[in-house]
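An overview of the molecular structure
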Amino acid sequence: MSAKGERAKRSLSSSFQPYLRVIFFVPATVLLIFLVVYPAIQTLLLSFYHPSGAFAGLDNYGSVLGNRQTIDTSDWSIPYGTLINNFLWIAIHLPLSLFTGLYLALTLQKVRGASIVKSFIFLGMVTPMIVGGIILRFLFDEKSGIVPRAFGLLGISGLAIQWTAYPETLLFGLIFGSVWLWVGFSLIVYSAGLTTIPRDYFEAAQMDGASAWQTFRKVTWPLLRPTTLTVVTMTILWELKLFDIVFAATNPNGGVGGAADVLALQMFRYAFMAGNFNDAAVVATLLTGLTLLVSTWMFKRIIIGKGKNAGRLQRALRRLWARAKPLGRVLKA
Amino acid sequence: MMANGRGRLRIPKIPVRTVVIHAIAWGIGLLWLFPFLGVFMTSIRPVTEILNGWWVTNPFNPTLQNFQTAFTDPTTPMWRGLRNSFIVAIPSTFLPIFIASLGAYGFARFRFPMRDYLFLTIVLFMAIPQQMVAIPIFVTMINAGLWDTFLGVILVHTAWALPWILLFMRNFFQTLPLEVEEAARVDGASDFRIFYKIVLPMSLPALAAVAVLQFMWVWNDFFFAKVLLFSSQNLVATQLVPLLSEAGPFHKDQGILSAASIVVMIVPIIVFATMQRYYIRGMIGWTIKG
């Protein structure tokens, strides 16, 4: 026993009923295999077959990607198609919600009652997204919605309309509206990230006569890098998996002319409304490809890190686990 | 800071900057609350009063009529949606916590070949979208006679929750001191006894954090429910909301829809309000102090 004291640091001695230990893993393994691994592989396979059961190769991918519902660049006007819409969401919603959350986290540090304000803003994250979509629809109602009425008061009659009835206002309304629902996430994660930065850093910066902007640029922002990485990954994953909001705010077709259509909704429509499992599987596989790309990118960024000596897998993995924790909540949403 | 340097005024001078910051922060906070206020105001008033916006308060006749209508709807009453949501969400919270904690303890404490690679794979499962498994699960559930049953949805939610709870609990178990467990082992306790009698009780805060997150996640879920629950008596609360907005040739009125929305979201909001500490901790993880 004393000889392997070093090893005992991380694991209990295994001299004791080692075979019984398998039981710890059995229930989880069974469920994961039957309800995650098997269905995922099955979906992947489905995407390569015709509905008739004949092998299709990449035919389905060709037809789905060639479909205007997926990518519509014919005239570069709305609808753009689901794939482009999801990217639009990332391009607009990600920076907006990230920087709003960061700005609020920094500001609220010096504000009385900050925790109440945080709770208010976080309500959007607690609300079921299906209700979130309904609320967005209310907000954009021509007569009883506050957004068109506010634009009406400002004299911008072009936006004092039923937003959900026009492709442009529908798409961008939902993207901006989902910022309202999601800012709470980056706010909370950044707030927690800020507490990990030692106060001395800011004091030192202040003594050196750094301006608020310089302090942010040279101290806060670099030290928040891991936090930013988490927020970016999680937000992109959320934007890719978007379903409830669009479903509730519009209809299963993604609103007028499919203006706000997204991949997850397209998959649902193909599979459970049109009954075309194979095309639905293609959409699902594309979506999964994107989410896996983003997640592995994050894992890689963390594993490779900055230093050259971070290559040892064990150490890297340990750091990975330590940092990957906040993944829990949102990855599965 | 700048304004304070001057003299020794007895009344502390509040810098303009501070006032501005407070105004902005509270302004944004209230702005964020505004849409919720709108839903609430819409829900407690007859639809004729809110045609021109819920902020018009003349006339203002608060009523619970909308809630009553939502609760007594002949085909999809809200009370049944709520009941079904609880029937699904409660087992879907505790089952995966138990199963995943068991596995997580194994990953944290036992040594076996390929352990870390296996674990990495399971963690990557978290990135898989629900759409990737929906079709085969739908078909399997029909074949197994579990489609349109609560058991089917509970099983899916349970399996789906395992990767993140495994990750979360394994990380937590690794922070627990080994000495207590080793001492119990010397006394002849088995792995299971140690797990139940020592490890689980020590992990209650972490388990609470997981429970809060998982409950809310299942409660708020719409996609799996939509795929797996079909009969009107089996629908969960989130499914009733869009139904209420689509039913009939005309959109049902906003009042009833708002009332239903409030009822559906009040549960996670109460959970959040009472368990906020655990919720935030669960979300942020245990490394960053929250």
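What counts as what
- Residues numbered from 1 in each chain as written.
- Chains lettered and ligands numbered in written order.
- Predicted model: local features only at pLDDT ≥ 70, side-chain atom pairs only at ≥ 80, totals over all residues.
- Helix = DSSP H or I, 4+ residues; strand = E, 2+ residues; numbered from the N terminus.
- Buried ≥ 20, exposed ≤ 12 C-beta atoms within 10 Å, placed from the backbone.
- Contact = placed C-beta atoms within 7 Å.
- Nonpolar A, V, L, I, M, F, W, Y, C, P; charged D, E, K, R; others polar.
- pLDDT = per-residue confidence, 0-100.
- Domains from an automatic or database assignment.
- Axes fitted to C-alpha atoms, helices over the stretch in contact; angles between N-to-C directions.
- Parallel < 35°, antiparallel > 145°, perpendicular 65-115°, else oblique.
- Left-handed = near helix turned anticlockwise from the far one by under 90°.

**Looking at the overall build of chain A**
Secondary structure summary: chain A contains 16 helices and zero strands in total. Expressed as a percentage of the 333 residues in chain A, the buried residues total 46%. Here the contacts in chain A between residues at least 6 apart in sequence split such that 63% fall between residues at least 24 apart.

**Side note on the overall build of chain B**
Along the backbone of chain B there are 12 helices and zero strands. In terms of overall dimensions, chain B has C-alpha extents of about 75 × 75 × 30 Å along its principal axes. The proportion of buried residues among the 290 residues of chain B is 48%. Considering only residue pairs separated by 6 or more positions, chain B has 72% of its internal contacts joining residues 24 or more positions apart.

**Some words on the interface of chain B and chain A**
With 89 residues of chain B in contact, the opposing surface of chain A contributes 83 residues. In terms of residues, the side of chain B that touches chain A owes the most to one element, helix α1 (residues 16-43) of chain B, which gives 13 residues. Of the residues contributing to the side of chain B that touches chain A, the split by class is 61 nonpolar, 20 polar and eight charged.

**Some points on the confidence of the model for chain B**
All names here are of chain B. Of the residues in chain B, 92% have a pLDDT of 70 or more, and the chain-wide mean is 88. Within chain B, helix α11 (residues 237-246) has the poorest average pLDDT of any element, 86, and helix α5 (residues 131-143) the best, 97. For the stretch residues 286-290, pLDDT sits under 50, and the model shows 14 contacts to residues farther than four places along the chain or on other chains. Model confidence for the complex: the whole-complex pTM is 0.88, and ipTM, which rates the interface, is 0.89.

**Quick notes on the domain arrangement of chain B**
Residues and elements named next belong to chain B. The assigned domain composition of chain B is domain 1 (3-63) and domain 2 (75-284). The C-alpha-based centres of domain 1 and domain 2 are spaced at 36 Å. Domain 1 puts eight residues into the contact, and the matching count from domain 2 is seven residues. Tallied by class, residues from the side of domain 1 that touches domain 2 come to five nonpolar, two polar and one charged.

**A closer look at unusual backbone geometry**
In the segment running from A:I78 into A:P79, the intervening peptide bond is cis, with an omega of 0°. Note the cis peptide between B:N58 and B:P59, where omega equals 5°. Of note, B:P59 is situated in the loop between α1 and α2 (65-72). One non-glycine residue, B:M114, lies in the positive phi region at around 65°. With respect to the helices, strands and loops of the structure, B:M114 is situated in the loop between α3 (78-109) and α4 (115-125).

**Thoughts on the packing of helix α6 (residues 150-175) of chain B against helix α9 (residues 204-220) of chain B**
Geometry of a packed helix pair, given as the angle between the helix axes and the separation of the axes. Residues and elements named next belong to chain B. Put simply, α6 and α9 touch, their axes get as near as 11 Å, and they point 155° apart. Here α9 runs roughly antiparallel to α6, going by the angle between their axes. Both α6 and α9 take part in a crossing whose hand is right-handed. Residue-level contacts link H157, A161, I165, F168, M169 and F172 of α6 to A206, V210, Q214 and V218 of α9.

**Side note on the packing of α9(B) against helix α12 (residues 254-284) of chain B**
Residues and elements named next belong to chain B. One can describe the packing of α9 onto α12 by two numbers: an axis separation of 8 Å at closest approach and a directional angle of 135°. In terms of axis orientation, α9 runs oblique to α12. For the pair α9 and α12, the crossing hand works out as left-handed. Residues A208, A209, V210, V212, L213, F215, M216, W219 and N220 of α9 touch α12, and the partners they reach there are V267, P268, V271, M275, Y278, Y279, R281, G282 and M283. Residue composition of the contact of α9 with α12, by class: 15 nonpolar, two polar and one charged.

**Focus on the confidence of the model for chain A**
Residue and element names in this part refer to chain A. Averaged over all residues, the pLDDT of chain A equals 85, while 85% of them reach at least 70. Low pLDDT, under 50, characterises residues 304-314; the stretch is placed with three contacts to residues that sit more than four places away or in other chains. A low-confidence stretch, residues 324-333 stays under pLDDT 50, and its non-local contacts, those more than four residues away or across chains, total 35 contacts.

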